[in-house]
Each structure stands twice: as C-alpha cells, then as structure tokens.
Amino acid sequence: MKKWLEEAKGSLAEAMEAARIGEIPAHNLYMVAPLIYSKRNNMNNDALVQEMADENEEQVQRDRAYDESSKDQYKFHYVASYLFCFVVAGKIEERKYDEIMEYVTSKMDLFTDDYGLE
C-alpha cells in the first residue's frame, strides 16, 4: 500500500504544480489526472486517455450533483481520479481501488474545511 501512497503523493504534487503556475484551476485538477497517468506510466494511447477522462468526469459530476460544495475538495477528486485511471487501464480491480483509496485518504490530507477560500 505504501507504493500507492507514494504514487498518489507524487502525482498530486505534479497536479498542484500545474495549478500553481496557472495551467488549470484547482477545482478542475481531476481533469489532468489521465494526462499525468499517461506521462508517469509512459502510455501513448489517446483512446484510453479519453476513456479515463470520461470516467473521471462522470464520477466527479456525480459527486458534485450530490454535494455542490464538493468541488472544493479538489485534492481528493484529483487523487481519486488519478488512481481510477489504473482501473480503467485494467491494472487493478475496482475492489482494490477502493482499498487503496481508503488507505491513501487515511494517510494524506486531501480534504479542506475552507470551502470557497481558495
């Protein structure tokens, strides 16, 4: 599980850097998850990247429909989207993804109480 924690931390750092330099708004970080996955895993499959993007968009929009303020939880959405790319790519099963997310969220500070203060 430590491997997954390091994977999540490293990819989140890349995404946060993209937000810091203004490439993408923080609340849309999840959108770069497939691109960072592709880069970090030396993958060159545009169709699979698009499938990852579509799956992540659907997942985040479902969360936002349930709770509009969840957009402020951009670190969580990014990490969830990034790790879900491994499911879409067939590298892990969804059950394993759930275990990894539980572990990673217990070890990383992915949530904010400062809604709207970004």
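Up top is the structure these notes are about.
Since the structure is predicted, the reported quantities are computational estimates derived from the model, not experimental observations.

**Regarding the overall build of the protein chain**
Here's step 1: The number of helices and strands found in the protein chain is five helices and zero strands.
Here's step 2: Taken from N to C terminus, the helices and strands of the protein chain fall in the order α-α-α-α-α.
Here's step 3: Rg of the C-alpha trace for the protein chain: 13 Å, near the compact-globule value of 13 Å for 118 residues, within the 12% margin.
Here's step 4: In terms of principal-axis extent, the alpha carbons of the protein chain reach across some 35 × 30 × 25 Å.
Here's step 5: For the protein chain, restricting intrachain contacts to residue pairs at least 6 apart in sequence, the fraction spanning at least 24 positions comes to 69%.
Here's step 6: Taken as a whole, the protein chain presents about 7,000 Å² of accessible surface, with 46% of it coming from carbon and sulfur.
Here's step 7: Where the 14 positive side-chain charges of the protein chain centre and where its 24 negative ones centre are 7 Å apart.

**Describing the nonpolar core**
Here's step 1: With 35 residues, the main nonpolar core has Y78, V79, Y82, L83, Y97, V104 and M108 as its most contacted residues.
Here's step 2: Residue assignment for this core shows that the elements contributing at least two residues are helix 1 (2-20), helix 2 (33-40), helix 3 (46-66), helix 4 (74-88) and helix 5 (94-107).
Here's step 3: It is helix 4 that provides the largest number of residues to this core, a total of eleven residues.
Here's step 4: Residue contacts for M108: discarding those within four places in its chain leaves L5, A8, K9, L12 and V79.

**Comments concerning helix 5**
Here's step 1: End to end, helix 5 covers 20 Å across 14 residues, agreeing with the expected 20 Å (1.5 Å per residue, within 8%).
Here's step 2: Those residues of helix 5 not exposed but buried are Y97, I100, M101 and V104. Looking straight down helix 5, one finds that the buried residues subtend no more than 105° of arc, so they occupy a single side. Exposed and oriented more than 90 degrees from the buried face of helix 5 are R95, E102 and S106.
Here's step 3: Close packing links the buried residues of helix 5 with helix 1, helix 3 and helix 4.

**Focus on the pattern of salt bridges**
Here's step 1: All chains considered together, the criterion is met by five salt bridges.
Here's step 2: It is possible to trace a salt-bridge network through shared partners that takes in E7, E14, K39 and R40.

**A look at the environment of P25**
Here's step 1: When you line up the elements, P25 lands in the loop between helix 1 and helix 2.
Here's step 2: For P25 and L110, which are 85 residues apart along the polypeptide, the C-alpha to C-alpha distance reads 17 Å.

Conventions we followed
- Residues numbered from 1 in each chain as written.
- Predicted model: local features only at pLDDT ≥ 70, side-chain atom pairs only at ≥ 80, totals over all residues.
- Heavy atoms only, no water.
- Helix = DSSP H or I, 4+ residues; strand = E, 2+ residues; numbered from the N terminus.
- Rg over C-alpha atoms; globule rule 2.2 N^0.38 Å.
- Contact = heavy atoms within 4.5 Å.
- Areas by Shrake-Rupley, 256 points an atom, 1.4 Å probe, with all protein chains shown as cover.
- Lys, Arg positive; Asp, Glu negative; His and termini not counted.
- Charge placed at Lys NZ, Arg CZ, Asp CG, Glu CD.
- Core = buried A, V, L, I, M, F, W, Y, C linked by side-chain atoms within 4.5 Å.
- Buried < 20%, exposed > 50% of the residue type's maximum accessible area, 1.4 Å probe, protein only.
- Expected span 1.5 Å × (residues − 1).
- Arc of directions from axis to C-beta.
- Salt bridge = Lys/Arg side-chain N within 4 Å of Asp/Glu carboxyl O.

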